[in-house]
Amino acid sequence: MSDNEHDDRRDDRPDDKDKQCIACGWPLVSYCYNSHVRLIYSGDDRGVWKIGTDMVLKERGPEEGLRSEREIAKLLVQCPEIPAPKLLHDWVDRRGRYFILEEQVQGEPLHKVWSKLSAGQKTAIADQVVQACQKLRTFTSQSIESVNGGPCYPPFIHGSRSRTQGPFHSDLDFQTAVSGGFRGPLNRGPPREAVERLMERMPASKPYVLSHSDLHQANIIVKNGSLSGIIDWEYAGYYPIWYEYIRAARGGFNKDDRDWKALLRERFEAHGEGHPNALQWWDDYLALKEYPILGPWGRELLYQLLAPSAYRSVRSVRSKSL
């Protein structure tokens, strides 16, 4: 191919100045205006925009999350010690999309500064988060529900936050719903006897306390090595007393987030807010949810649930042989 042909091919390519941002439709290259409105997060049918230095605009589709931020903000105003962003305005447009305008919490998300923090600073931040959760627990409800009294998103019955659940007005209502939600990868549930015995181990859930429910690193804002805010309250609701602990004790998007969760679990326990029995039940619940494709612990758990006396006998023999 000749140099002239190369030039012709180059001329056929669209110029950068003609390209548009898929989020806002504005040209990617503008010589007269530099916008200070930035898309900082997008996923599924939602987005978060940073407006200048002081405000954030959140947008969610009709099926995305709860719409209880206003009610949550009213509660948090009563407890200014909880570092949460101030809601300025929220509305639903004619297409059913939900918008939230709130003050921007000053600082950086924990995941961006994690590697720069000392061990002492990390522990101090975890302590501050736990103390904020303790203040949240002063708000209680008679039901497991969202802040506005409707369904909520505990990932029990359907295994994810893809659908709202509840409200549940008693421990029995909650246990009945959870036990009815066992369906494994092949849409087959474990034996009923195993489910019933597992549910007998489920710890008491009352009191139902206000919980943030999503304390991963991106939702923890820090400044000068200290907690400056907890953001994204869309999953907050009234949940079992042990729920925040087990949510903090498991999961994680990457190694840093898992390290953060492990530290948060440790500090919950140090402040007397640990619930190891609930965490053991949660791990057992997740293991049995994989039925019929069970891992080593799932198979042992199933044997334990179906033949508890035989299991105790085997464990006793094992212990004496060690």
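Heads up: the structure comes first, above all this text.
Now for a description of the structure that goes with this document. (Residues numbered from 1 in each chain as written. Predicted model: local features only at pLDDT ≥ 70, side-chain atom pairs only at ≥ 80, totals over all residues. Heavy atoms only, no water.)

## Some words on the sheet that holds strand β7 (residues 140-141)
Here is step 1: Pairing is antiparallel in the open sheet, where 4 strands are placed in the order β7-β9-β12-β8. Edge positions in the sheet fall to β7 and β8 (145-146), since each has one partner strand and no second.
Here is step 2: As paired elements, strand β9 (residues 208-211) and strand β12 (residues 237-239) share 3 bridges and run antiparallel to each other. Within β12, the position partnered with S211 by the bridge is G237. (Pairing = 2+ DSSP bridges. Helix = DSSP H or I, 4+ residues; strand = E, 2+ residues; numbered from the N terminus.)

## Some remarks on the nonpolar core
Here is step 1: Among the nonpolar cores identified, the biggest contains 68 residues, and L110, I220, W260, L264 and W281 are the most heavily contacted of them.
Here is step 2: Counting only domains with at least three residues in this core, you end up with domain 1 (37-103) and domain 2 (108-306). (Core = buried A, V, L, I, M, F, W, Y, C linked by side-chain atoms within 4.5 Å. Buried < 20%, exposed > 50% of the residue type's maximum accessible area, 1.4 Å probe, protein only. Domains from an automatic or database assignment.)

## As for the pairing of strand β10 (residues 220-223)
Here is step 1: The pairing of strand β6 (residues 108-109) with β10 spans 2 bridges and is classified as antiparallel. In the sheet register, E108 faces β10, and the bridge partner there is V222.
Here is step 2: Pairing analysis gives 4 bridges linking β10 to strand β11 (residues 226-230), with the strands arranged antiparallel. What sits directly across from K223, in β11, is S226.

## Remarks on empty space enclosed by the protein
Here is step 1: As enumerated under the stated definition, the model contains 1 cavity of 30 Å³ or more in all.
Here is step 2: Its boundaries defined by the atoms lining it, the largest cavity holds a volume of some 90 Å³.
Here is step 3: Considering the residues around the largest cavity, the lining is formed by K58, E69, I72, A73, L76, P85, L87, E102, D232 and W233.
Here is step 4: Tallying contributions element by element places helix α2 (residues 69-77) first for the lining of the largest cavity, with 4 residues.
Here is step 5: Tallied by class, the residues present in the lining of the largest cavity amount to 6 nonpolar, no polar and 4 charged. (1 Å grid on protein atoms, 1.4 Å probe; cavity = no way out; pocket = protein on both sides within 12 Å on 5 of 7 lines; lining within 4 Å. Points joined across faces, edges and corners; volume = space filled by probe spheres on them. Nonpolar A, V, L, I, M, F, W, Y, C, P; charged D, E, K, R; others polar.)

## Regarding the packing of aromatic side chains
Here is step 1: On inspection of all chains with the given rule, the structure shows 9 aromatic pairs.
Here is step 2: With a centroid separation of 6.3 Å and an interplanar angle of 90°, the aromatic rings of Y245 and F268 are classed as edge-to-face. With a gap of 23 residues between them, Y245 in helix α7 (residues 243-249) and F268 in helix α8 (residues 255-270) connect regions that are remote in the sequence.
Here is step 3: On the basis of relative accessible area, F268 is assigned to the buried category, the value being 0%.
Here is step 4: Aromatic rings pair up to connect F182, W242, W281, W282 and Y285 into one cluster.
Here is step 5: In this structure, K122 packs its charged tip against the face of W114, placed 4.3 Å from the ring centre. (Phe/Tyr/Trp six-rings, centres within 6.5 Å; stacked < 30°, edge-to-face > 60°. Lys NZ or Arg CZ within 6 Å of the ring centre and 35° of its normal.)

## Focus on helix α6 (residues 192-200)
For an α-helix, the turn length of 3.6 residues means that residues three or four places apart are oriented alike.
Here is step 1: The complete set of buried residues in α6 reads A194, V195, L198 and M199. Angular distribution of buried residues about the axis of α6 spans 130°; they occupy a single face of the element. Exposed side of α6, more than 90 degrees from the buried face: R192 and E200 are the residues found there.
Here is step 2: In the core, the buried residues of α6 are packed alongside α5 (171-179), α9 (276-289) and α10 (296-306). (Arc of directions from axis to C-beta. Contact = heavy atoms within 4.5 Å.)

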